[in-house]
Protein chains: 4
Amino acid sequence: VHRVAVIGAAGFGGAVGAAILRRHPSIELTGVTARSDAGRRHDELYPAYRVPLQLEQFDPDAIAERADVALVAYPHKAAAPAVRSLRERGLKVVDLSADFRLDRESYERWYQPHEAPELLGESVYGLPEAHREQIRTAELVASPGCNSTAALLALLPLRGRIDDAVVDIKTGVSGAGREATEETHFVSATDNVNPYKTEGHRHVAELEQELPGVRFAFVPHLLPIDQGLLASCYATPSEPLTRDAARELFRQAYESEPFVELIDKPPHTRDVRFTNRATVYVTVAGDRVLSFCAIDNLWKGAAGQAVQDLNLMLGLPETEGLT
Amino acid sequence: VHRVAVIGAAGFGGAVGAAILRRHPSIELTGVTARSDAGRRHDELYPAYRVPLQLEQFDPDAIAERADVALVAYPHKAAAPAVRSLRERGLKVVDLSADFRLDRESYERWYQPHEAPELLGESVYGLPEAHREQIRTAELVASPGCNSTAALLALLPLRGRIDDAVVDIKTGVSGAGREATEETHFVSATDNVNPYKTEGHRHVAELEQELPGVRFAFVPHLLPIDQGLLASCYATPSEPLTRDAARELFRQAYESEPFVELIDKPPHTRDVRFTNRATVYVTVAGDRVLSFCAIDNLWKGAAGQAVQDLNLMLGLPETEGLT
Amino acid sequence: VHRVAVIGAAGFGGAVGAAILRRHPSIELTGVTARSDAGRRHDELYPAYRVPLQLEQFDPDAIAERADVALVAYPHKAAAPAVRSLRERGLKVVDLSADFRLDRESYERWYQPHEAPELLGESVYGLPEAHREQIRTAELVASPGCNSTAALLALLPLRGRIDDAVVDIKTGVSGAGREATEETHFVSATDNVNPYKTEGHRHVAELEQELPGVRFAFVPHLLPIDQGLLASCYATPSEPLTRDAARELFRQAYESEPFVELIDKPPHTRDVRFTNRATVYVTVAGDRVLSFCAIDNLWKGAAGQAVQDLNLMLGLPETEGLT
Amino acid sequence: VHRVAVIGAAGFGGAVGAAILRRHPSIELTGVTARSDAGRRHDELYPAYRVPLQLEQFDPDAIAERADVALVAYPHKAAAPAVRSLRERGLKVVDLSADFRLDRESYERWYQPHEAPELLGESVYGLPEAHREQIRTAELVASPGCNSTAALLALLPLRGRIDDAVVDIKTGVSGAGREATEETHFVSATDNVNPYKTEGHRHVAELEQELPGVRFAFVPHLLPIDQGLLASCYATPSEPLTRDAARELFRQAYESEPFVELIDKPPHTRDVRFTNRATVYVTVAGDRVLSFCAIDNLWKGAAGQAVQDLNLMLGLPETEGLT
């Protein structure tokens, strides 16, 4: 049994991580930390998740005594120093923030000066469908963003065959995080849809890294749903591609993937809620390839994928605790 | 005072039409008809709209005695014969179906053999922002589809300057109509988003007609909202276009439009609910022009626009009854 | 034309008040104030309301120069001093807070020491269906709470005939106000219902004042709706009452009320959204009288009713600006 | 391993039953039947449940060959003959309809002439918290209604101590069943709340049976939530009861119940979604005892409870497959 702690378990992503790990048959959840909610019980904040632990202030020494692995669910910038302190104490880490997803130049262009650049060399981008083998041997894995996960699963089988892609994301309010803001107020979000970050969303950097050479347009939209994210991708192939050929590429890419399901009709986010599954649909309309991917933004888009990474890193069955 | 009847006032679009006309200062609503709900009172079906009339079976002679103009809100194919019977009796007609929006060839490619092709010559595509002068003198106006309205308002200022455009539509459930189906069941629609008609939606024919020469991808998505529709358009200009230049094109196009508002930030459908307004935002990201338009699918996307057309046809102030 | 200012127009209630007054044919909206949002434009905060004014810091002298009447929409306790400063300058006031609804003893039992007790003598409880004549001549009117309004409209015709009543309130999230909190976060509110203030909600004090001698149980519940409030009342009559007799009492009470509609089937909040109407249904089951009232909590439950009061105070038609 | 079939697995309740049983460690799900959807795959109708079986027409002989136990999820009246045919073939049955919950007289008063009255003698009312020992030895168990389950869990600890109770139910749309109707249309249900069956709902018969001597008022309300049900109960005790005494009664009643959790604050349906748990809160306000119970209407209110019953009947751990 591996001992795992969740750093930042009061946010939506970390909380789901704690909930999954608490039930994981090969893992013991040995601690949960929080910044502003330290002292409260996790199951008071999230009764549905039933994690019977008290949230602690983050103390890397205390965590290192009790855990061999950490799932870090801090916001970007705050994550890097926490990850460093855990890596210095020998823990393997899966980090859910953006801090270790990109190379330094790209990171500093989209975010800010990096807080722990010396760790970038060892970090692996934690999309198992693209980097499974590196994840197995990694000690630091950067779990992809929710938008990027869905977009990449919709586009990876076309890698090397497309010149440009429009990625139109529809995301639930849980993606905006637990902070209560004007935007996340029920009265703002209900009966509404709006694009945001129309001039450029940082997640596009992950797409450019994983699908080099593709010209992206990338716009997320906020919807009145709770958990769920749909990526609608409109790609222009370099060479004409028939529907059958496109589907065959996707079939080959995903036939042995445990969490990606190629389906025969447009995906519904509702069908993958509270699961680590991604459903993908591909078709061709005119000279464009249209592909769609539905995930739960907190599962396959965050904590579920992080546990999938963690299973790989620990040599456990990849789906353990996730089905 | 003009006497107007609404044919098909039990559906969502026709019902809003009746509600608007009932309060219109220069119009008397002299009759409302329905197919399966004839005999019931309109304000029993739609208490919020407070139209104190009984729904009648459609009888063109009876309508012609009481009305000079008709707003027809039947489904396509059923609309054409009803429109013909009213035109034969001399009524001016605004039709909300697809039956008179396209030329015969295009219509029959996307829909079915046309039921009243002899009327196609006189019908005008009822998007005031594109065809105001023809609408003024028309006796038969085809009110555009909701998807087409939003997409066209987002793209018309780029007419002649773009080669292709991805149009990603997000639409509320009222757009699917009043019929109770598995798709419109609350339990199917809530906490969900899904694309549909991914292999080709008929509304693209209206885009191709109004913006000839543009290569479109067009996919609608169903969201758990009630009334509201957002078109997100990603266009590739033939010649590079700066953000300022793009905004200037839009400014010129819409500065004197009474119902189109060019705004400085991404539009929210919630802000135009229950109004005939369209909010439009344009920006440039990389070498693409991104434009977004939010409307209420039952107002500017259907009945509100039909009344706007009707005001033009009757020589009334264009905004009368709509503000 | 009467000149009216809205004090506290950035909150949900005050904002609706400003929106109504802006369109009121006999009123000029001469100012809107806000505490933390002063300096921002009202139509930036609430684009849908289209009030083209800048929010100012509250300055009673400046307001008194421009307005003869004020609608005050501050939270309780903050309202009383603002009301005093306006009354000292001769303005008539409709106050939406709880500060002037109760006598001092009752207020101080449920709330806190009163900030302006000297004004309690002149204030009138602003439920027109109960106190229309006093409102006409009042210079300070306390607009009732949303819960109290619905409960009272459901119970007033039984005044003097019931011993006890269970009042079970279902209220939309806008009732919790504009502040972004854990409770109003979309992810907390959606797909949820919960009772709150189960040990006693302050609005019961208004019920006890208006229906003396009745033993109340009163529990509000929060629902994932935006605007809307339903009071379900279960009253035990002192003397047996038939369904017909109960309905007759309600018919007499409400037959000439402009905003209360006695209906023949259970009310739906959706049918009164964005209106000042209340729909009321009464029936008898066993030996209990069951009555239900649906309102829009921000209209008849707050700002709409305040304007109704204001119309009465100014000698205007009671429904002006509200239909 | 026990072999179980679900009769009527296309409806919401039966579908959840199939989903639970499919994952139950001591049960093999050997068949699922449907009336109008026979021939379709269950996981096509309910992709999220991932039950990889084809829906069959109901054939009791075919079922009897493959199953020792059946969970019957037909509507009332249709259930009784199906149950009889299975009992005749020796299968143990848990029935989710109302057909075997009441004695004949009560049933025929609220429903219609009974289709299989000879089985009423052997049926047990399947609320484990009230009849656990009889359920263990029963061969036919009638799983309680969703409204009744929540109301009874909120009131059972007060059995013998109360004279009357107002039961105000708030229920999600899934409780109205899978049929697409005007009432279940998204556009009718969203942003709405309404009471229904105000003149008497049949579920009150179950309350009267389980809590004899109590005078009930019972009104359900439809809310825009998916799965979830809250019972708010306002009971008048025969003898005064303090809050502590009331809580002690509840504590004793539920301290060893595996699925009923007595909590310290008002329950939220969201916290018990997709679980078989019931959260109960009790307080005293004035001379009334107020108690609240939140459940998932499809789990503890239907299929989850049916599996709980089935575990008891089969001598399995009561919580198996349900946590």
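Residues numbered from 1 in each chain as written. Chains lettered and ligands numbered in written order. Predicted model: local features only at pLDDT ≥ 70, side-chain atom pairs only at ≥ 80, totals over all residues. Heavy atoms only, no water.

Thoughts on the overall build of chain A
The number of helices and strands found in chain A is 11 helices and 14 strands. For 323 residues, the compact-globule estimate of 2.2 N^0.38 gives 20 Å, and the C-alpha radius of gyration of chain A, at 19 Å, lies within 12% of that figure. Here the C-alpha coordinates of chain A stretch approximately 60 × 45 × 40 Å along the principal axes. Every one of the 323 residues in chain A was classed for burial, and the buried ones make up 65%. Taking the contacts inside chain A whose residues are at least 6 apart along the sequence as the reference set, 69% of them involve residues at least 24 apart. Looking at chain A as shown, the accessible area adds up to about 10900 Å², and 46% of this sits on carbon and sulfur atoms. Of the charged side chains in chain A, 34 are positive and 46 negative, and the gap between their average positions amounts to 3 Å. (Helix = DSSP H or I, 4+ residues; strand = E, 2+ residues; numbered from the N terminus. Rg over C-alpha atoms; globule rule 2.2 N^0.38 Å. Buried < 20%, exposed > 50% of the residue type's maximum accessible area, 1.4 Å probe, protein only. Contact = heavy atoms within 4.5 Å. Areas by Shrake-Rupley, 256 points an atom, 1.4 Å probe, with all protein chains shown as cover. Lys, Arg positive; Asp, Glu negative; His and termini not counted. Charge placed at Lys NZ, Arg CZ, Asp CG, Glu CD.)

Some details on the interface of chain D and chain B
With 18 residues of chain D at the contact, the number on the chain B side is 18 residues. Summed over both sides, the interface between chain D and chain B buries roughly 1500 Å², with carbon and sulfur atoms accounting for 67% of that surface. When residues of chain D are sorted by the area they lose upon contact with chain B, D:His185, D:Phe186 and D:Val187 head the list and together hold 44% of the total. Summed over the shared surface of chain D and chain B, the number is 0 salt bridges. Linking chain D with chain B are 4 residue pairs in polar contact (both at pLDDT 80 or more), by the criterion used here. (Buried area = accessible area lost by both parts, 1.4 Å probe. Salt bridge = Lys/Arg side-chain N within 4 Å of Asp/Glu carboxyl O. Polar contact = N/O pair within 3.5 Å; in protein donor to acceptor, adjacent residues only side chain to side chain.)

Side note on the relation of the copies chain C and chain D
It takes a turn of 180° to lay chain C on chain D, together with a shift of 0.0 Å along the axis; the resulting RMSD is 0.0 Å. Viewed as a symmetry operation, the transformation between the two copies matches a two-fold axis. Scanning chain C for the C-alpha nearest the rotation axis identifies C:Pro224, at a separation of 3.4 Å. Taken as a fraction of all interface residues of chain C, those also at the interface in chain D reach 100%, which identifies the copy contact as same-surface. (Least-squares fit on C-alpha atoms with pLDDT ≥ 70 in both.)

Examining the packing of helix α7 (residues 146–155) of chain C against helix α11 (residues 299–313) of chain C
Residues and elements named next belong to chain C. One way to put it is that α7 packs onto α11 with a least axis distance of 8 Å and a crossing angle of 100°. Of the possible angle classes, the one that applies to α7 and α11 is roughly perpendicular. Along its contact with α7, which presents Cys 146, Thr 149 and Leu 153, the element α11 presents Lys 300, Gly 301 and Gln 305. (Axes fitted to C-alpha atoms, helices over the stretch in contact; angles between N-to-C directions. Parallel < 35°, antiparallel > 145°, perpendicular 65-115°, else oblique.)

As for the pairing of strand β4 (residues 69–72) of chain D
All names here are of chain D. Burial along β4 is two-sided: Val 69 and Leu 71 facing one way and Ala 70 and Val 72 facing the other are all buried. Across 4 bridges, strand β1 (residues 2–7) lies against β4 in parallel orientation. Paired with Ile 7 across the bridge in β4 is Val 72. In this sheet, strand β5 (residues 92–95) lies alongside β4 in parallel orientation, the contact comprising 4 bridges. What sits directly across from Val 72, in β5, is Asp 95. Read as a crossover between parallel neighbours, the route from β4 over helix α4 (residues 79–88) to β5 is right-handed. (Pairing = 2+ DSSP bridges. Right-handed = clockwise from strand over helix to strand, strands pointing away.)

Looking at the side chain of B:Asp95
All names here are of chain B. For Asp 95, the position within the fold is in strand β5 (residues 92–95). Within the buried set, Asp 95 has no salt-bridge partner at all; the shortest N-O distance to an opposite charge, 6.7 Å, is to Arg 101. Leaving out residues up to four positions away in the same chain, Asp 95 has contacts with Val 72, Ala 79, Val 83, Phe 100, Val 141, Ala 142 and Ser 143.

Some points on the sheet that holds strand β9 (residues 194–195) of chain D
Sheet strands pair by backbone hydrogen bonding; their relative direction is either parallel or antiparallel. An order of β9-β10-β8-β11-β14-β13-β12 (chain D) is seen for the 7 strands of this open sheet, with the pairing classed as mixed. The sheet is open, and its two borders are formed by β9 and β12 (260–262) of chain D, each paired with just one other strand.

Thoughts on the side chain of C:Glu320
Secondary-structure assignment places C:Glu320 in the segment after α11. In this view, C:Glu320 contacts C:His24, C:Pro25, C:Ser26, C:Val307 and C:Asn311; residues no more than four positions away in its chain are not counted.

Points about α7(C)
Given 3.6 residues per turn, any residue in an α-helix points the same way as the ones three and four places further on. Judged by how many residues are buried, α7(C) sits mostly within the fold: 10 of 10 residues are covered. All of the buried residues along α7(C) are C:Cys146, C:Asn147, C:Ser148, C:Thr149, C:Ala150, C:Ala151, C:Leu152, C:Leu153, C:Ala154 and C:Leu155.

Quick look at the confidence of the model for chain A
Here chain A shows a mean pLDDT of 97. Residues at 70 or above account for 100%. Complex prediction metrics read pTM 0.97 and ipTM 0.96. (pLDDT = per-residue confidence, 0-100.)

A look at the sheet that holds strand β2 (residues 27–33) of chain A
Residues and elements named next belong to chain A. Reading across from one edge, β3-β2-β1-β4-β5-β7-β6 is the order of the 7 strands in this open sheet, with parallel pairing throughout. Of all the strands in the sheet, just β3 (55–56) and β6 (123–125) have a single pairing partner and so form its edges. Sheet topology note: the β6/strand β7 (residues 140–142) ladder contains 3 bridges and is parallel. Of the residues in β7, the one forming a bridge with Ser 123 is Leu 140. Packed onto the sheet, helix α4 (residues 79–88) meets β1 (2–7), β4 (69–72), β5 (92–95) and β7 and runs at close to 165° relative to β5.

Quick look at the interface of chain C and chain D
Note: interface size is frequently given as the accessible area lost on complex formation between the parts. On the side of chain D, 44 residues touch chain C, which itself brings 44 residues to the contact. Interface of chain C and chain D: buried area, both sides summed, is about 3700 Å²; carbon and sulfur atoms make up 54% of it. The largest contributions to the chain C side of the interface with chain D come from C:Asp191, C:Arg270 and C:Arg288, which together make up 18% of the buried area. At the junction of chain C with chain D, the criterion picks out 8 salt bridges. Linking D:Lys170 and C:Asp168 is a salt bridge whose minimum nitrogen-to-oxygen distance equals 2.7 Å. Connecting chain C to chain D are 30 residue pairs in polar contact (both at pLDDT 80 or more).

A closer look at the state of the cysteines
What the rule picks out here adds up to 0 disulfides over all chains. Not part of a disulfide, C:Cys293 finds its nearest cysteine sulfur in C:Cys233, a span of 8.1 Å. (Disulfide = S-S within 2.5 Å.)

Quick look at the environment of A:Glu248
Its place among the elements puts A:Glu248 in helix α10 (residues 243–254). Sequence-wise, A:Glu248 and A:Glu261 are 13 residues apart; in three dimensions their C-alpha atoms are separated by 13 Å.

Thoughts on unusual backbone geometry
What you tend to see is this: most non-glycine residues have negative phi, and most peptide bonds are trans. One non-glycine residue with positive phi stands out, namely B:Lys197, at about 50°. Checked against the element boundaries, B:Lys197 lands in the loop between β9 (194–195) and α9 (204–210). For D:Asp191, which is not a glycine, the phi torsion comes out positive at approximately 50°. Its location among the elements puts D:Asp191 in the loop between α8 (186–189) and β9. On the basis of relative accessibility, which here comes to 9%, the residue D:Asp191 falls in the buried class.

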